[in-house]
Amino acid sequence: MSYSHEFNYRVQNDFSGYEKFISFYNNTKLLMFDEIYLDFQNCTWFEANLSSVLGAIVSKLQYDINSVYFNNMPSQIESILSKNTFLSNFGGESKQDTYGTTVPYRKFKTIDQKAFTNYISSELLSLPSLPVMSDALKKKVKECILEIFINAQTHGATQNIFSCGQYYPKKGRVDFSIVNLGSTIQKEVSKYFNQEVQSVPAIQWAIEEGNTTRTGNIPGGIGLSTLLSFIQLNKGKVQIISGDGYWLRNSSGTHFETFQEYFDGTIVNIEFNVNDTNSYILSGEDSWDNIF
């Protein structure tokens, strides 16, 4: 058998963009021993950090012994997905990232915590376009992102974690996404409370400082407290997609919606505003522009 799925129009970091991936996931999640064709002919824009989401779903399909083919990909999209190494992971070419705008697509085993930590330091937090942060704050941001990895490692019921990022100079932002397929925040929080909790309230509970579904003497939580504070000052945003929940925090506050379909995993997207000319430090350090 064969199945064709079209990615149409703009695939970007918003509710509609994530909805396209959830539709793709649900239309293919039960397929085995099939040929799956992804048609990009009418795709006018594909935000490269979302390679992490696409890669997670395609990797699952390949694990289920499907063959996946990328068809009719416009040259602009093919170029950026070659520069961030996404296509080379699926039989395509790799091109040099001349302008240094990509945080390469990576697939990590859940045991690869040290490799992920090095990747965050060398590929994401080394980008010269990021807002100026003190070394202590940069270390704290790295710890927050690592906590997302550990949370997926502990509760995600998955073997792999996917990540990718992109600097968009004309849009003045850097987006970085971490994805796992497996359990959801909703399922883990419901299990913790021994009662059904809907996706959005579950996400909201999980991001509160000190809340965790881990048991015993293991500290935890989704690990976003300092990062959320920084991103709000920076006028960036954080998006969490898990189950049928969509949760967004930006400088205007918190926004949430519900998808019509369920996504068996979690996506965390962090967006830095690189037009921010402020400098940031943690409280207790010598005075710069912004302290928190």
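Quick note: structure is the one above.
Since we're looking at a predicted model, the values are computed, not measured.

Rules used in this analysis
- Residues numbered from 1 in each chain as written.
- Predicted model: local features only at pLDDT ≥ 70, side-chain atom pairs only at ≥ 80, totals over all residues.
- Heavy atoms only, no water.
- Patch = residues over 30% accessible without salt bridge, like charges linked within 9 Å, V, L, I, M, F, W, Y side chains within 5 Å.
- Areas by Shrake-Rupley, 256 points an atom, 1.4 Å probe, with all protein chains shown as cover.
- Salt bridge = Lys/Arg side-chain N within 4 Å of Asp/Glu carboxyl O.
- Helix = DSSP H or I, 4+ residues; strand = E, 2+ residues; numbered from the N terminus.
- Buried < 20%, exposed > 50% of the residue type's maximum accessible area, 1.4 Å probe, protein only.
- Polar contact = N/O pair within 3.5 Å; in protein donor to acceptor, adjacent residues only side chain to side chain.
- Contact = heavy atoms within 4.5 Å.
- Pairing = 2+ DSSP bridges.
- Axes fitted to C-alpha atoms, helices over the stretch in contact; angles between N-to-C directions.
- Expected span 1.5 Å × (residues − 1).

1. What to know about a nonpolar patch on the surface
A grouping of Met-32, Phe-33 and Ile-65 is seen on the molecular surface, where their side chains present a nonpolar patch of about 330 Å² in accessible area. In this structure, Phe-33 sits in the loop between α1 (15-28) and β3 (35-39). Phe-33 gets classed as exposed once you look at its relative accessible area, which sits at 58%.

2. Brief notes about the side chain of Asn-26
As for its placement among the helices and strands, Asn-26 is situated in helix α1. A polar contact is formed between the side chain of Asn-26 and the backbone oxygen of Ile-22, at a distance of 2.9 Å. Among the polar contacts listed, one links the side chain of Asn-26 to the backbone oxygen of Tyr-262, at a separation of 3.0 Å. Not counting residues up to four positions away in its chain, the partners in contact with Asn-26 are Glu-261 and Tyr-262.

3. Side note on the sheet that holds strand β1 (residues 2-6)
Pairing in this open sheet of three strands is parallel, and the strands run β1-β3-β5 from one edge to the other. Two strands close off the open sheet at either side, each with one partner strand: β1 and β5 (67-71). Along the sheet, successive strands turn relative to each other by an average axial angle of 20 degrees, direction set aside. Inspection of the sheet shows β3 paired to β5 by five bridges, in the parallel sense. Counterpart to Glu-35 in the pairing with β5 is Ser-67. Against the sheet, α1 makes contact with β1 and β3, and its axis sits at roughly 170 degrees relative to β1, the strand it touches most.

4. With respect to the environment of Leu-30
Secondary-structure assignment places Leu-30 in the loop between α1 and β3. Through-space distance from the C-alpha of Leu-30 to that of Leu-61 is 8.8 Å; in sequence the pair is 31 residues apart.

5. Considerations on helix α2 (residues 51-63)
Spanning 13 residues, α2 covers 18 Å between terminal C-alpha atoms, matching the ideal 18 Å at 1.5 Å per step. With 10 of 13 residues buried, α2 is to be regarded as a mostly interior element. Turning to α2, its buried residues number three or more, namely Ser-51, Ser-52, Val-53, Leu-54, Gly-55, Ala-56, Ile-57, Val-58, Ser-59 and Leu-61. Directly after α2, the chain includes Ile-65, whose backbone phi takes a positive value near 65 degrees.

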